[in-house]
Structure formats: C-alpha cells, structure tokens
Amino acid sequence: MSDAILSVQGLQKSFGALKATDDVTLDLRPGEIHALIGPNGAGKSTLIKLITGELAADAGRIIFEGQSLDGVDAAGRARLGLARSFQVSQLVPGFTALENVMLAVQGASGESYRFLRPAGLDAALTEPAEFHLAHAGLRGREKVTAAALSHGERRRLEIAMALAMRPRAFLLDEPMAGMGADGARDLTALLSDLRAEAPILLVEHDMDAVFALADRVSVLVYGRVIATGTVDQIKANPEVRRSYLGEEA
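Definitions and limits used
Residues numbered from 1 in each chain as written. Predicted model: local features only at pLDDT ≥ 70, side-chain atom pairs only at ≥ 80, totals over all residues. Heavy atoms only, no water. Helix = DSSP H or I, 4+ residues; strand = E, 2+ residues; numbered from the N terminus. Expected span 1.5 Å × (residues − 1). Buried < 20%, exposed > 50% of the residue type's maximum accessible area, 1.4 Å probe, protein only. Core = buried A, V, L, I, M, F, W, Y, C linked by side-chain atoms within 4.5 Å. Contact = heavy atoms within 4.5 Å. Pairing = 2+ DSSP bridges. Axes fitted to C-alpha atoms, helices over the stretch in contact; angles between N-to-C directions. Salt bridge = Lys/Arg side-chain N within 4 Å of Asp/Glu carboxyl O. Arc of directions from axis to C-beta.

Visitor: Describe helix 6 (residues 151-164), naming the residues involved and giving the relevant values.
Guide: Counted at 1.5 Å a residue, the expected span for helix 6 with its 14 residues is 20 Å, and the 20 Å between its end C-alpha atoms agrees. For helix 6, the tally of buried residues reaches 11 of 14 residues, placing the bulk of the element in the interior. Taken together, the buried positions of helix 6 are occupied by Glu-153, Arg-155, Arg-156, Leu-157, Glu-158, Ile-159, Ala-160, Met-161, Ala-162, Leu-163 and Ala-164. Taken from the residues just after helix 6, Arg-166 is the one with a positive phi, measuring 55°.

Visitor: How would you summarise the nonpolar core if you had to cite specific residues and measurements?
Guide: Of all hydrophobic cores here, the largest spans 24 residues; its most connected members are Val-24, Leu-47 and Ile-51. Among the elements that make up this core, the one with the highest residue count is helix 1 (residues 44-52) (4 residues). Apart from residues lying up to four places away in sequence, Ile-51 is in contact with Leu-6, Val-8, Ile-62, Leu-69, Arg-77, Leu-82, Leu-171 and Leu-201. Core analysis: the next-biggest nonpolar cluster, separate from the first, contains 19 residues, Ala-83, Met-176, Ala-184 and Leu-187 among them.

Visitor: Explain the sheet that holds strand 3 (residues 33-37) residue by residue, including any values.
Guide: As summarised here, the arrangement of the 6 strands in space is 6-7-8-3-9-10, forming an open sheet in which the pairing is mixed. If you trace the sheet from one side to the other, it starts and ends with strand 6 (82-84) and strand 10 (224-229), each paired once. For this sheet, the mean inter-axis angle between neighbouring strands, taken without regard to orientation, is 20°. As paired elements, strand 3 and strand 8 (residues 200-203) share 4 bridges and run parallel to each other.

Visitor: Could you give an account of the pattern of salt bridges, naming the residues involved and the relevant values?
Guide: Taken as a whole and judged by the stated rule, the model has 13 salt bridges. In this structure, Lys-13 and Asp-58 form a salt bridge, with 3.8 Å as the shortest nitrogen-oxygen distance. Pair noted here: Lys-13 is in strand 1 (residues 6-15) and Asp-58 is in the loop between helix 1 and strand 4 (59-64), with a separation of 45 residues, a long-range link. The exposure class of Lys-13 is buried, given its relative accessible area of 13%. Looking at Asp-58, the relative accessible area reads 48%, which means it is partly exposed.

Visitor: So what's going on with helix 7 (residues 181-194)? Which residues, and what values?
Guide: If you check helix 7, its first and last C-alpha atoms are 20 Å apart, about what 14 residues at 1.5 Å a residue would give, namely 20 Å. Buried within helix 7 we find Ala-184, Leu-187, Thr-188, Leu-190, Leu-191 and Leu-194. Projected onto a plane normal to the axis of helix 7, the buried residues spread over an arc of 170° and lie on a single side. Facing away from the buried side of helix 7, by more than 90 degrees, are the exposed residues Ala-181, Asp-182, Arg-185 and Asp-193. Where helix 7 is buried, its residues contact strand 3, helix 5 (123-135), helix 6, strand 7 (169-173), strand 8 and helix 8 (207-213).

Following this line, the structure appears as structure tokens:
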C-alpha cells in the first residue's frame, strides 16, 4: 500500500535447491505491529536478514519510506532508521546499562565511538541515554552491568538501544524467547506502547503475545506467505489452522 513505511515485494531467496523465501510480499504500516509467524524452518530469519541487508535477495524489491533499498548495505539501512533489535544492540557485558545506551546514542549521532572517554559526564550522551532507559522500563538500573541484568532486562536494554538509534521501524526477532510468563507479560505491555514510536515487524513464537499485540499477522510456511490478516482472520483461516496451528480445518 502507498502509505506503508516498509514494503516487501516479490522477494525471493534460494540456497541451492532450497527456496527459503518464495515470492514474499508484505508491508508494515504506520503505528502498527505486524507479526510474522510460522513453524521452525519457515524462513522467518532469512526474510528478516533480507530486509536488513545481511543477505542479498535473488529477486524482488524492498521499499523503505518510498526509497528502494537496492544497493544499500546493512549499516546504511540502519542509518535510514530500520532498527533490528539484536543487530543494533551488541551489548557489551562489562559496560553498565547506561554506558551501552550511550554507545548507541553516540553511533546514532554519526560520531566515531570514543569508548566513553572519562566523559561518562558528557550530558549530550548521558541525558538521552537515561531517557531511553526510562522509556524501556530500566529506570534505576543505569549503573548495573549488562552481564548482571536479568534476561528480561537485557531485552529491555536492547530496546533502549534501538530507541537511541531513532528508528523509523523496528524489526524484532523473538523478543519473548527465554522469558517466563511475568517477563513476557511485561514486555508485551512495553511493545504495545512502543508502536507509538515506530511500527514493528515482530517475529515471535509466543502466540499469546502475538494475539495480544498484532494488528495484522502474516503466516510463513516453507518460505511462502500463506495468509495475512487480522488476528481473528488468521485464527479462522483453515489453511493456517492446518499448516501451522496444528488443528483440523
């Protein structure tokens, strides 16, 4: 659609005889969470790598805010505002939460990394870093090293770092992975609020989170999108129920 921030058109990628991405077309619209679901091996990670520029497509186009991404490498796509959670984070375990986000703020400014010269005092870095940490629910955890944070807190730190990159769209790859029920519930609430900052293409296996968050869902099976629709439409789709949800149509 013309109002889409991100448009994937007829994307194809093969590895030898294996078609990992088979004529995939989908889009991401302002203010929405578009979930991408499918069984293991469906091609979800390959599709995300094609969008971020980590892999080159065999055919098809990716349009981001009206601009073709042909020839734009992964770093260039990140600079345009296409933020992948675990790609942009690169947590430094021995750095504090604040220092990790300061690095992201520094990178977003286009400066070369100064490795936080004694100027952990630099307000141009600390103030936005503190703001993004608070936004991600980590107020009071600024001085804790990344290694000492809980699993859920590290996921929040990744999101704070993604926010520091001033994203125009988020690509989040299984943010609920490894979380217990309480952590998943808290992160679901955070992601629901996050769509106001930028739309989210969400790859996730936690169906409770998907059904709670998604405005639209696309189902990928053997590299092919077999259905796109609202949560209710996907739940009622006979092919989805048979191919992915494991139910009889």
